[in-house]
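The primary structure of each chain is shown beneath.
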Amino acid sequence: MYYLSLANEVLEGYSLTEREALSILQCPDEDILPLLHSSYFIRKHYFGNKVKLNMIINTKSGACPENCGYCAQSRDSTHPIQKYKMLDKDSIVQGAKRAHQLKAGTYCIVASGRGPTSRELNHISSAVQEIKENYDLKICACLGILKPEQAQQLKGAGVDRYNHNINTSKNHHPNITTSHSYQDRVETIKKIKVAQISPCSGVIVGMKETKQDVIQMAFSLKELDVDSIPVNFLHAMEGTKLEGTDELNPLYCLKVLCLFRFINSTKEIRVSGGREVNLRSVQPLSLYPANSIFIGDYLTTAGQTDTKDYQMIEDLGFEIDYEEIEVSRM
């Protein structure tokens, strides 16, 4: 009854205290079903039983000058991955066709690196314009740190959403990367909003952070007022700084998703990278707090097959959200 009462207060505009947020992460395992029910109570109010589908294309892989400890594409990683420069325009457009066939509402164009060069930005902009002419898709770009004029260019090309994750808390950030600051990421999100592009920013949980760090992530994203929040669970890769890190279990991952729903009640919460290896057999339960998933593969790791995702959604009695994603800042 405690969590359901708290959910009712959230629907009336109440903002959780840090102590209440901690109580969610510390929820006894035997109370996970009441917690999920209460999170679903909030989710259903805003999103019903619909699930948004997103698909990623990795348009440029590896050779990144950043030293992010979780990433197989970073300059310090020795993990073997496929490395290639920016894909040609036709490949990016064909990826959009595939996303459309897979019933995805949002197509995410991702490139490794600190930020795009002028040539890369022009290339992506041209591809986005062609995609918009042929497919009814929302386009999300994830190209790193942006300058104000670059954000404006993407807006003009037709980019609906831009992803730039905060990844972790401000306090924990120096333990994860030192090649850019937490504030660098925040400033990019602010530039996106000024350009009237829908901001998408999320986190990676399981990087040796504390529960207080997780709570601060959720509150920071609430303060930034982002529209979409991908919640990733670390899939530690050999050859990265976080190699061998294995701090998560399925029930804790569910509690994290519930926390983000309670704190960011009206936002798209997307269960993202690492869900297959960390949530394992309880994956379907993640859609009680979350209302969005990635289909297909991620950047350097494989995802669940799309047919299994469709089956999971159908078995839950949920349905794919085919409606236009509202971009509130257009």
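A. Structural detail: the pairing of strand E7 (residues 228–233). Taking burial as the measure, the six residues of E7 include six buried ones, the bulk of the element. Along E7, one buried face is formed by Ser228, Pro230 and Asn232 and the opposite face, lined by Ile229, Val231 and Phe233, is buried too. Here strand E6 (residues 203–205) runs beside E7; their pairing, made up of three bridges, is parallel. When the bridges of E7 are listed, Ile204 appears paired with Asn232. Where the polypeptide runs from E6 across helix H9 (residues 211–224) and back to E7, its parallel neighbour, the crossover connection is right-handed. Pairing geometry for E7 and strand E8 (residues 268–271), over four bridges, is parallel.

B. Quick look at the packing of helix H3 (residues 32–47) against helix H10 (residues 250–263). Where H3 meets H10, the axes come as close as 10 Å, and the angle between the chain directions of the two elements is 40 degrees. Crossing handedness for the pair H3 and H10: left-handed. Taken together, the residues of H10 that come into contact with H3 (itself represented by Ile32, Leu35, Leu36, Ser38, Ser39, Ile42, Arg43 and Phe47) are Leu251, Leu254, Lys255, Cys258, Arg261 and Phe262. Looking at the contact of H3 with H10, its residues break down into nine nonpolar, two polar and three charged.

C. Main features of the nonpolar core. Counting 88 residues, the largest nonpolar core has Tyr107, Ile131, Val231, Phe233 and Phe260 as its most contacted members. For this core, the leading source of residues is H10, giving 10 residues. Once you skip the residues sitting within four places of it in the chain, Phe260 turns out to touch Val203, Val214, Met217, Ala218, Leu221, Ile229, Val231, Ser265 and Ile269. Core analysis: the next-biggest nonpolar cluster, separate from the first, contains eight residues, Cys68, Tyr70, Ile176 and Ile204 among them.

About the thresholds
Residues numbered from 1 in each chain as written. Predicted model: local features only at pLDDT ≥ 70, side-chain atom pairs only at ≥ 80, totals over all residues. Heavy atoms only, no water. Buried < 20%, exposed > 50% of the residue type's maximum accessible area, 1.4 Å probe, protein only. Helix = DSSP H or I, 4+ residues; strand = E, 2+ residues; numbered from the N terminus. Pairing = 2+ DSSP bridges. Right-handed = clockwise from strand over helix to strand, strands pointing away. Axes fitted to C-alpha atoms, helices over the stretch in contact; angles between N-to-C directions. Left-handed = near helix turned anticlockwise from the far one by under 90°. Contact = heavy atoms within 4.5 Å. Nonpolar A, V, L, I, M, F, W, Y, C, P; charged D, E, K, R; others polar. Core = buried A, V, L, I, M, F, W, Y, C linked by side-chain atoms within 4.5 Å.

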